[in-house]
Amino acid sequence: MKSNIKKILLQLQLIDIEFCEAEELFSVYNQDFIIAFSDELLYLSHDKTNYKDKVDPSKSREKPLKNQQTCMEETSPPVSELAQKLYRILAKKLHPDVSGISDCESAFKKLAIFSDKNDLLNIILLSLQYKLELPSFTESECLLITEQLKTKQDNIANVRSRIAWIWATNNTQKDIEAIVYEVLKLDKESFLEWKKNN
């Protein structure tokens, strides 16, 4: 296997680990954020009309509150001949009717999902997991993989820029509270007045 392909595959495995870690941590941080700011979020849901007028979700660091649980919404990349080729090879190896692998049914379902989404990176990872000998990648296929890796890195950076992540990883709680209130477009005085009366 050429050294540039080995590097790409190692980079893919590393980014996949970071991606999974970011999703898991964000889930925890988001739940903690919701608990820590439950009164503020309740106030905002009570004051929905003003909140909708004040907040433009496309300009906010945070998606709308109802979508906070969604870490990363990935768009489907273009159809790749390499993904289709690997899919066919893996499908033969993992199909429950012919495979002797213990978790073949689960793996085959994952493969079908990855194929439907044209998810070349996860098809390659599945190929590596089941020790499939990968074909040589053309220069254009290496470029496609590299582009998709960049997209995945951007998704990780996006998660790490969300307010729940920033709040959870910030050590100076005074500063971060001000940032949270600013992002949520929450007027502290109005909130404290509401809290006192409820």
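Residues numbered from 1 in each chain as written. Predicted model: local features only at pLDDT ≥ 70, side-chain atom pairs only at ≥ 80, totals over all residues. Heavy atoms only, no water.

## Considering the overall build of the chain
Across its full length, the chain holds ten helices and zero strands. For the chain, the proportion of its 198 residues judged to be buried stands at 38%. Of the contacts made within the chain by residues no fewer than 6 positions apart, 76% connect residues no fewer than 24 positions apart. Per element, the accessible surface of the chain, about 12200 Å² overall, is 51% carbon and sulfur. (Helix = DSSP H or I, 4+ residues; strand = E, 2+ residues; numbered from the N terminus. Buried < 20%, exposed > 50% of the residue type's maximum accessible area, 1.4 Å probe, protein only. Contact = heavy atoms within 4.5 Å. Areas by Shrake-Rupley, 256 points an atom, 1.4 Å probe, with all protein chains shown as cover.)

## Some details on the confidence of the model for the chain
Averaged over every residue, the pLDDT of the chain is 82; the share at 70 or more is 81%. Low pLDDT (under 50) marks residues 51-73, which in the prediction has 45 contacts with non-local residues, meaning those over four places away or in another chain. (pLDDT = per-residue confidence, 0-100.)

## Regarding the packing of helix H1 (residues 3-36) against helix H6 (residues 120-129)
Between two packed helices, what matters for the description is the angle formed by their axes and the separation of those axes. Running from N to C, H1 and H6 cross one another at 105 degrees; their axes reach a closest spacing of 11 Å. The orientation of H1 with respect to H6, classified from their angle, is roughly perpendicular. Judged by residue contacts, Leu9, Leu12, Gln13 and Asp16 of H1 engage Leu121, Asn122, Ile124, Leu125 and Leu128 from H6. Looking at side-chain class alone, the contact of H1 with H6 contains six nonpolar, two polar and one charged residues. (Axes fitted to C-alpha atoms, helices over the stretch in contact; angles between N-to-C directions. Parallel < 35°, antiparallel > 145°, perpendicular 65-115°, else oblique. Nonpolar A, V, L, I, M, F, W, Y, C, P; charged D, E, K, R; others polar.)

## Some points on the packing of helix H4 (residues 81-94) against helix H5 (residues 104-116)
Their axes nearest at 9 Å, the elements H4 and H5 cross at an angle of 160 degrees. Considering their axes alone, H4 and H5 lie roughly antiparallel with respect to each other. Helix-helix and strand crossings are classified by hand; for H4 and H5 the assignment is left-handed. Facing H4, whose interface residues are Tyr87, Leu90, Ala91 and Leu94, H5 presents Cys104, Ala107, Phe108, Leu111, Ala112 and Ser115. In terms of residue class, the contact of H4 with H5 is built from nine nonpolar, one polar and no charged. (Left-handed = near helix turned anticlockwise from the far one by under 90°.)

## Details of the pattern of salt bridges
Within this structure, the stated rule accounts for five salt bridges. Lys109 is paired through a salt bridge with Glu105; the nearest N and O atoms lie 3.8 Å apart. With Lys109 and Glu105 both in helix H5, this residue pair falls four residues apart, about one helical turn. Residues Asp154 and Lys150 are paired through a salt bridge, measuring 2.8 Å at the closest nitrogen-oxygen approach. Separated by four residues within a single helix, Asp154 and Lys150 lie in helix H7 (residues 139-160), roughly one turn from each other. A residue is classified by how much of its surface remains accessible, and Lys150, at 46% relative accessible area, is partly exposed. (Salt bridge = Lys/Arg side-chain N within 4 Å of Asp/Glu carboxyl O.)

## Looking at the packing of aromatic side chains
Following the criterion strictly, the structure yields eight aromatic pairs and no others. A ring pair is formed by Tyr29 and Trp165, whose centres lie 5.1 Å apart and whose planes are at 75 degrees; its orientation type is edge-to-face. Of this pair, Tyr29 sits in helix H1 while Trp165 sits in helix H8 (residues 163-169); the two residues are 136 residues apart in sequence, bridging distant segments of the chain. Take Tyr29 and Trp165: they sit in the same class, and that class is buried. Taking the centre distance of 6.2 Å and the plane angle of 90 degrees together, the rings of Tyr181 and Phe191 count as edge-to-face. In this pair, Tyr181 sits in helix H9 (residues 173-183) while Phe191 sits in helix H10 (residues 188-197), placing the two residues ten residues apart along the sequence. Tyr181 gets classed as buried once you look at its relative accessible area, which sits at 8%. (Phe/Tyr/Trp six-rings, centres within 6.5 Å; stacked < 30°, edge-to-face > 60°.)

## With respect to the nonpolar core
Grouped together as the largest cluster of nonpolar side chains are 53 residues, with contacts concentrated most on Leu86, Leu94, Leu120, Ile124, Phe137, Ile145 and Val180. The residues contacting Leu86, other than those within four sequence positions of it, are Leu120, Ile123, Ile124, Ser127, Leu132, Leu134 and Pro135. (Core = buried A, V, L, I, M, F, W, Y, C linked by side-chain atoms within 4.5 Å.)

## A look at the side chain of Glu40
Tracing the chain through its elements places Glu40 in helix H2 (residues 38-46). No salt bridge is formed by the buried Glu40; the nearest opposite charge belongs to Lys195, separated by 6.0 Å. (Lys, Arg positive; Asp, Glu negative; His and termini not counted.)

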